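Chain residues, written in single-letter form:
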Amino acid sequence: MESKQALRWLEGASLDLTDLNETKTVRLALDTLALRLDGKPASANTVRRKRAVLHAVLEYAVELEELPSNPVHKVKWKPPKTTETVDPRVVVNPRQAEALLAAVASVGGRGRGRRLQAMFACMYYAALRPGETVALRQQDCHLPATGWGRILVDVSRPEVNVQWTDTGDAHEERGLKHRGRDDVRPVPIPPKLVRILRQHIEEFGVAEDGRLFRSERGGVVASTAYTEVWQEARKLALTPAQFASPLARRPYDLRHAAVSLWLNVGVPAPDVAERAGHGVDVLLRVYAKCLDGQQEIANMRIEDALPA
């Protein structure tokens, strides 16, 4: 009964498809998707994604010959500009990163922060995305007694709305970002991270499926849980001014710090891109503002080329 009522409401509230041939209707749709439910402007990335969905739906209507052409192309409408580059203010240096990781272990009782310390270490020392980190299993790790180890990243568990998953779980298992479903990304990891992971396994064990990081009840670690720990660690490790700043405001910023560090110490961009799971062009564009010293090098080369 409820579904029938919903369908009747949709039928009465929806426009006829032919109305989309009028540019004023399409412009109204575009202007609307640029707003949040409260009427305030949506973020640039949200607008871009919504426009892409609308465009795809109308392309499908053209394919079904319900529309003669995609009406979006008739409207001169510019979405807000998106910011792709990483803000260098969020990037911590190695000393700050180590202080934050140490502070994580001091957060909460019953080992609350301690259980997550190695997870944050994977984001910093291996540049893993949060979704890749929570999916990491013991069988994916080569952790020798000495020297460098390796992680094979082959799956991600990003957190999504349970209404959009087939299982009703908040974490849906997916392939790696920007890669095919069966692709694997090998990531060499430094001895420090090897030791941290070995100690974590010895102290906390692993889940039945081999996952290294789990909640106290054995489930996938929720973003709300590890974000709360992270903010408490920031209070402990940073000065009041730093805490109020964008510095490492999100756990994801540890990944930004890792990639920025690798680029700045001279690791070739293709190698950094492979480890981080980026294309080289995207890598250099996203981290362009985090390359310390590059402007000085460019200035020196230009000055040397000019006549005295």
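Data block above holds the structure.
Residues numbered from 1 in each chain as written. Predicted model: local features only at pLDDT ≥ 70, side-chain atom pairs only at ≥ 80, totals over all residues. Heavy atoms only, no water.

Participant: How do you make sense of the sheet that holds strand β1 (residues 141–142) when you look at a structure like this?
Facilitator: Pairing is antiparallel in the open sheet, where three strands are placed in the order β1-β2-β3. On the outer flanks of this sheet lie β1 and β3 (185–189), each paired with one strand and no other. Relative to strand β2 (residues 149–153), β1 runs antiparallel, the two sharing two bridges. For C141, the partnering residue across the bridge sits in β2 and is I151. Sheet strands in contact with helix α7 (residues 191–204) are β2 and β3, and its direction is about 100° off that of β3. (Pairing = 2+ DSSP bridges. Helix = DSSP H or I, 4+ residues; strand = E, 2+ residues; numbered from the N terminus. Contact = heavy atoms within 4.5 Å. Axes fitted to C-alpha atoms, helices over the stretch in contact; angles between N-to-C directions.)

Participant: For this particular structure, what's the right way to read the pattern of salt bridges?
Facilitator: Side-chain pairing between opposite charges can occur once the charged atoms of the two side chains come close. As enumerated under the stated definition, the model contains 14 salt bridges in all. Close ionic contact of E203 with R114 constitutes a salt bridge, the shortest N to O distance being 3.2 Å. With E203 in helix α7 and R114 in helix α5 (residues 114–125), this pair connects stretches of sequence that are 89 residues apart. Accessibility expressed as a relative area gives 24% for R114, which makes it partly exposed. One salt bridge in this structure joins D253 and R250, with 3.3 Å as the shortest N-O distance. (Salt bridge = Lys/Arg side-chain N within 4 Å of Asp/Glu carboxyl O. Buried < 20%, exposed > 50% of the residue type's maximum accessible area, 1.4 Å probe, protein only.)

Participant: Can you walk me through empty space enclosed by the protein in this structure?
Facilitator: Vacant regions in the atomic arrangement are exposed by a probe of water-molecule size rolled over the atoms. What the rule picks out here adds up to two cavities of 30 Å³ or more. There is about 40 Å³ of room inside the largest cavity. Residue lining of the largest cavity: E132, A135, L136, D140, L152, V153, D154 and V155, and that is the complete set. Residue composition of the lining of the largest cavity, by class: five nonpolar, no polar and three charged. (1 Å grid on protein atoms, 1.4 Å probe; cavity = no way out; pocket = protein on both sides within 12 Å on 5 of 7 lines; lining within 4 Å. Points joined across faces, edges and corners; volume = space filled by probe spheres on them. Nonpolar A, V, L, I, M, F, W, Y, C, P; charged D, E, K, R; others polar.)

Participant: Would you take a moment to explain the nonpolar core for this structure?
Facilitator: Proteins that are soluble and globular tend to have nonpolar side chains buried together. Ranked by internal contacts, the top residues of the largest apolar core, which has 58 residues, are F120, I151, I189, L197 and F213. The element best represented in this core is α5, accounting for nine residues. In this structure, L197 is in contact with A118, C122, L143, I151, I189, L212 and F213, ignoring residues within four places of it in sequence. Listed in part, the 13 residues of the second largest apolar core include V26, A34, L58 and A61. (Core = buried A, V, L, I, M, F, W, Y, C linked by side-chain atoms within 4.5 Å.)

Participant: Quick question: what am I supposed to make of the packing of helix α4 (residues 94–104) against α5 here?
Facilitator: Helix-helix packing: each pair is described by the crossing angle between the helix axes and the interaxial distance. In contact at an axis separation of 8 Å, α4 and α5 are set at 160° when each is read in the N-to-C sense. On the basis of the axis angle, α4 is roughly antiparallel to α5. In this structure, α4 crosses over α5, and the sense of that crossing is right-handed. Contact with α4, carried on its side by P94, A97, E98, L101, A102 and V104, involves R114, L116, Q117, F120, A121, Y124 and Y125 of α5 and no other residues of that element. Partitioning the contact of α4 with α5 into residue classes produces ten nonpolar, one polar and two charged. (Parallel < 35°, antiparallel > 145°, perpendicular 65-115°, else oblique. Left-handed = near helix turned anticlockwise from the far one by under 90°.)

Participant: What am I meant to see in the packing of aromatic side chains here?
Facilitator: Each aromatic ring pair is summarised here by two numbers: the centre-to-centre distance and the angle between the ring planes. Considering all chains together, one arrives at three aromatic pairs under this definition. Arranged with centres 6.3 Å apart and planes meeting at 85°, the rings of F120 and Y226 form a pair that is edge-to-face. A residue pair is termed long-range when its members are at least 10 positions apart, and F120 in helix α5 and Y226 in helix α8 (residues 223–237) qualify at 106 residues. Of the two residues, F120 and Y226, neither departs from the other in class, the shared state being buried. Grouped by ring-pair contacts, the aromatic residues F120, Y226 and W230 constitute a single cluster. (Phe/Tyr/Trp six-rings, centres within 6.5 Å; stacked < 30°, edge-to-face > 60°.)

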